[in-house]
Structure formats: C-alpha cells, structure tokens
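# What the coordinates show
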Amino acid sequence: VVSLPVAICYGIRATVLPQISKSISNKNLTLARKHTFQALSLSLFFACVMGFGLFVFGGFITKILFNSLSQSEKLLTAKLISLSFFSVIGLSLLQTCTSCLVGYNKPLIPCIFLAIGLIFKFTMQIFLVKNPKINVFGVLYSDISCYFLAVFLDLLYIIFITKLEEKKNDDYPRRAWCKSR
C-alpha cells in the first residue's frame, strides 16, 4: 500500500539524475543545486498528497483490501495505513536524495547513510516492539525513523558537498592569479 504512492515519484528520480550529473560535469554547481531543490520539492509535494490520501482513507483502503479481517484487526490495519503517511514521505525523499547523490557522483554515500538508518531502525525495533503499549506500531515508528535519519544525513551531505565545491570553484581564480605572479 505504501509503495504505490512512492512509485509516483519514480519519474522525478529518473529525470533528476542525468540533469544533476550533466550540471556537475559542466561544473555548474548552481544548476545542480537548482535541480536538486526542484526534485526534492516535487517529491515532497507528491509524497504529501499521496500520503495524505493514505492518512484520510486508511479505513476505506482497509475495508476494500482486507475485508476478511475481524473488526479489531481492521481497526489496527487502518491505523497502520493512516500512519504510514510518514513512511511515504520519508521513503520518497530518501529515494530522491539517493538519485541526487548518484548525480553528484557519490553513489556509496546514500548506502552508508541508509546502513546507519537501518542500524538505528533495528535498535529501535528491539525496544519498541517489546513494549505492549506500542507493539506492532514500533515497526512503523522505526521505519519512519530510519527513513528520516537517512534523509537528514543525505541532505547534510548534499549541502556539505555543494558548499565544498563552491568553495573550491571560488578559490580557483585566486590560486591561478597567484601562480601567474
């Protein structure tokens, strides 16, 4: 159920990768940043719209897809589907950040950050699922935390590399001028 709204953003991710890659190869950092911002903004917009649909229609979706469940199971499933709104946003942004970082020629960085997110997720799950008040919702909460931690690290890295490249590019004319003297 969560993967359908996330799939809507596939086109954005497929489009942004060559745009950023071309901008980076042409040493046009401003354009690369612009493409990154546009891709993340569009992904966030579509993820919010689709996620909001899950949030609002969680009960209806449960009724259609899982009609054979008992009433208490339907209620639990509807709550899980409604709260997966945050998973849709996190996963959409994570996949868009990954495409952006691949475009910046940094394909291993999102893997490292997702591995950090997964370690955090498994640690959270161990403690949250044991709690009878949280129970199965602990899996959902840990998924959401994993996605948003990885997105946060990806965004920090994107900011870091663009600032670093900008500094390198700004410093280049001064170094060339000093060497010529």
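Residues numbered from 1 in each chain as written. Predicted model: local features only at pLDDT ≥ 70, side-chain atom pairs only at ≥ 80, totals over all residues. Heavy atoms only, no water.

### Description of the packing of helix α2 (residues 10-25) against helix α3 (residues 29-65)
Look at α2 against α3: their axes get within 8 Å of each other, and the N-to-C directions meet at 170 degrees. For the element pair α2 / α3, the angle class is roughly antiparallel. Between α2 and α3, the contacting residues are Ile12, Val16, Gln19, Ile20, Ser23 and Ile24 on the first element and Leu29, Leu31, Ala32, His35, Thr36, Ala39, Leu42, Ser43 and Phe46 on the second. Here the contact of α2 with α3 is composed, by residue class, of ten nonpolar, five polar and no charged. (Axes fitted to C-alpha atoms, helices over the stretch in contact; angles between N-to-C directions. Helix = DSSP H or I, 4+ residues; strand = E, 2+ residues; numbered from the N terminus. Parallel < 35°, antiparallel > 145°, perpendicular 65-115°, else oblique. Contact = heavy atoms within 4.5 Å. Nonpolar A, V, L, I, M, F, W, Y, C, P; charged D, E, K, R; others polar.)

### Points about the nonpolar core
Leu54, Val88, Ile89, Leu91, Leu93, Leu94 and Val151 are the most contacted members of the largest nonpolar core, which totals 16 residues. Elements supplying a minimum of two residues to this core: α3, α5 (85-103) and α7 (137-180). For this core, the leading source of residues is α5, giving seven residues. The contact partners of Leu91, leaving out residues within four places of it in the chain, are Val6 and Tyr147. Counting residues in hydrophobic clusters, the runner-up holds 15 residues, among them Leu29, Ala39, Leu101 and Ile161. (Core = buried A, V, L, I, M, F, W, Y, C linked by side-chain atoms within 4.5 Å. Buried < 20%, exposed > 50% of the residue type's maximum accessible area, 1.4 Å probe, protein only.)

### Digging into the environment of Arg33
Looking at the element boundaries, Arg33 is found in helix α3. For Arg33 and Ile20, which are 13 residues apart along the polypeptide, the C-alpha to C-alpha distance reads 7.9 Å. Residues in contact with Arg33, not counting those within four places in the same chain, are Tyr104, Thr162 and Glu166.

### Side note on helix α4 (residues 71-83)
Across its 13 residues, α4 extends 18 Å between first and last C-alpha, which sits within 8% of the 18 Å expected from 1.5 Å per residue. Those residues of α4 lying buried are Lys74, Thr77, Ala78, Ile81 and Ser82. Along the axis of α4, the buried residues cluster in a sector spanning 135 degrees; they form a single face. Facing away from the buried side of α4, by more than 90 degrees, are the exposed residues Ser72 and Leu75. Residues of α4 that are buried make contact with α3 and α5. (Expected span 1.5 Å × (residues − 1). Arc of directions from axis to C-beta.)

### Points about the pattern of salt bridges
Applying the stated criterion across every chain, the model contains one salt bridge. Here Asp143 makes a salt bridge to Lys121, at a shortest N to O gap of 2.4 Å. One end of the pair, Asp143, is in helix α7; the other, Lys121, is in helix α6 (residues 108-130), with 22 residues separating them in the sequence. With respect to burial, Asp143 and Lys121 carry one shared label: buried. (Salt bridge = Lys/Arg side-chain N within 4 Å of Asp/Glu carboxyl O.)

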